[in-house]
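Structural overview
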Amino acid sequence: MQQQHNNTINKVTHLAMWSGPRNISTAMMRSFGNRPATKVVDEPFYAHYLLKRPHIAHPDREKIIDYYETDSRKIIDELTAPLPEGIKLYYQKHMCQHMLDDNPPIPLDWLDKVTNVFLIRDPRDVVRSWVKVVPDLTLEETGLPKQVELFRMVQKQTGRIPAVIDTDDVLDNPRNVLSKLCEYINLPFSERMLKWERGPKPYDGIWAPHWYNNVNASTTFARRTPKTEPVNPQYEPLIEQAESLYQILADHRIN
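Every value quoted in this text rests on a predicted model; they were computed, and no experiment measured them.

**Here we look at the nonpolar core**
One finds Leu 15, Met 28, Phe 32 and Ile 165 to be the most contacted residues of the largest nonpolar core, which totals 72 residues. Contacts of Ile 165, omitting those with residues within four sequence positions, involve Met 17, Met 28, Val 117, Phe 118, Leu 119, Ile 120, Val 170, Val 177, Leu 181 and Ile 254.

Next comes the structure, spelled out in structure tokens:
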């Protein structure tokens, strides 16, 4: 059952959008990045993640590690710093699987300094899309275990159910879901969130040429992978595990 949300919240200045792979996280970054007076950062912990996971063979991994900050505390300090003059919102696109539990783990004591939103997607659709890139996909790589952990931590820190939005709901009715999301987090809705200019953006990570071709061709929210495409039966155990985690979040989604 979906719980009643507590609508008492301060004005949003720093917004952390927590997603997993093969979601609409980049399109959502386009949406918020099209708002006026908005600063955007694209996956700030990605270089740290690659540094700590040498077996992850992502394109340009060494270039990414060399180019971006890998010290998690320095990253956090930047993510929570006061806004520059003229900026009203700092939008942060985060991948949950990047928040590693290694020794030492990435600190999470800063989550109550930002407004946290959780972007989810039906695990069957995630697996259907992701295994084309990562055939030996693990549950950790879906981001769901860490996403549920972060959700519960934010709820405990703030005493408030964090905002959750589902990809299918956004794609079915972007205006409805995004306007309700903005209302819930006390952020004025902007019509500019519904449409953006085609092409790459200055805030895109340097990995964008390898991953962002579809979103660079887009101007609004649109479905990519047909939901009728079958999934190899070998992934059913993984999907079953992922769905139990997904449902924890889906019970609270704004729709």
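**Points about the packing of helix α5 (residues 123-130) against helix α11 (residues 236-250)**
Following both chains from N to C, one finds α5 and α11 inclined at 135°, their axes separated by 9 Å at the closest point. With respect to each other, α5 and α11 are oriented oblique. Crossing geometry of α5 relative to α11 is assigned as right-handed. The segment α5 lies against α11, with Pro 123, Arg 124 and Val 127 engaging Glu 236, Leu 238, Ile 239, Ala 242, Glu 243 and Tyr 246. Its residues assigned to classes, the contact of α5 with α11 shows six nonpolar, no polar and three charged.

**Quick notes on the pattern of salt bridges**
One pass over the full model with this rule turns up 14 salt bridges. Between Glu 78 and Lys 39 there is a salt bridge, with the nearest N and O atoms lying 2.9 Å from each other. Highlighted residues: Glu 78 in helix α4 (residues 72-79) and Lys 39 in strand β2 (residues 38-42), separated in sequence by 39 residues. For Glu 191, the salt bridge goes to Arg 175, with nearest N and O atoms at 2.5 Å. Taken together, the residues span a long stretch of sequence, with Glu 191 in the loop between α8 (174-184) and α9 (208-211) and Arg 175 in helix α8 at a distance of 16 residues. The network of salt bridges with common partners includes Asp 42, Glu 43 and Lys 93.

**A look at the sheet that holds strand β5 (residues 163-166)**
Strands sit in the order β2-β3-β1-β4-β5 across an open sheet of five strands; the sheet is parallel. At either end of the open sheet lies a strand with only one pairing partner, and these are β2 and β5. Mean inter-strand twist for the sheet, computed between neighbouring axes without regard to direction, equals 20°. Bridge analysis of strand β4 (residues 115-120) against β5 gives four bridges, and the strand direction is parallel. Across the sheet, Ile 120 pairs through a bridge with Asp 166, a residue of β5. Of the strands in this sheet, β1 (14-19), β2, β3 (89-95), β4 and β5 are in contact with helix α1 (residues 25-33), which crosses β3 at around 175°. Across the sheet, helix α6 (residues 144-158) touches β1, β4 and β5, and the angle it forms with β4 is around 150°.

**A closer look at the environment of Leu 245**
One can find Leu 245 in helix α11. A relative accessible area of 18% places Leu 245 in the buried class. With 101 residues separating them along the chain, Leu 245 and Leu 144 place their C-alpha atoms 6.3 Å apart. The contacts of Leu 245, once residues within four sequence positions are left out, are Leu 139, Leu 144, Pro 145 and Val 148.

**Topic: α1**
Within α1, eight of the nine residues are buried, which leaves the element mostly enclosed by the surrounding structure. Those residues of α1 lying buried are Ser 25, Thr 26, Ala 27, Met 28, Met 29, Arg 30, Ser 31 and Phe 32.

**Side note on the environment of Gln 147**
Turning to its location among the elements, Gln 147 is positioned in helix α6. With 65 residues separating them along the chain, Gln 147 and Pro 82 place their C-alpha atoms 26 Å apart. Setting aside chain neighbours within four positions, we find Gln 147 in contact with Trp 18, Ser 19, Cys 96, Phe 118, Leu 119, Ile 120 and Leu 249.

**Brief notes about α4**
All of the buried residues in α4 are Ser 72, Ile 75, Ile 76 and Leu 79. Down the axis, α4 shows its buried residues gathered within 100° of arc, on one side only. Looking at the buried side of α4, the elements it contacts are β1, β2, α2 (46-52) and β3. The N-cap residue of α4 is Asp 71: its side-chain oxygen and the backbone nitrogen of Arg 73 are 3.0 Å apart.

Quick notes on the rules
Residues numbered from 1 in each chain as written. Predicted model: local features only at pLDDT ≥ 70, side-chain atom pairs only at ≥ 80, totals over all residues. Heavy atoms only, no water. Core = buried A, V, L, I, M, F, W, Y, C linked by side-chain atoms within 4.5 Å. Buried < 20%, exposed > 50% of the residue type's maximum accessible area, 1.4 Å probe, protein only. Contact = heavy atoms within 4.5 Å. Axes fitted to C-alpha atoms, helices over the stretch in contact; angles between N-to-C directions. Helix = DSSP H or I, 4+ residues; strand = E, 2+ residues; numbered from the N terminus. Parallel < 35°, antiparallel > 145°, perpendicular 65-115°, else oblique. Left-handed = near helix turned anticlockwise from the far one by under 90°. Nonpolar A, V, L, I, M, F, W, Y, C, P; charged D, E, K, R; others polar. Salt bridge = Lys/Arg side-chain N within 4 Å of Asp/Glu carboxyl O. Pairing = 2+ DSSP bridges. Arc of directions from axis to C-beta. Polar contact = N/O pair within 3.5 Å; in protein donor to acceptor, adjacent residues only side chain to side chain.

Interpretation note: all reported values are geometric properties and have no functional meaning in isolation.
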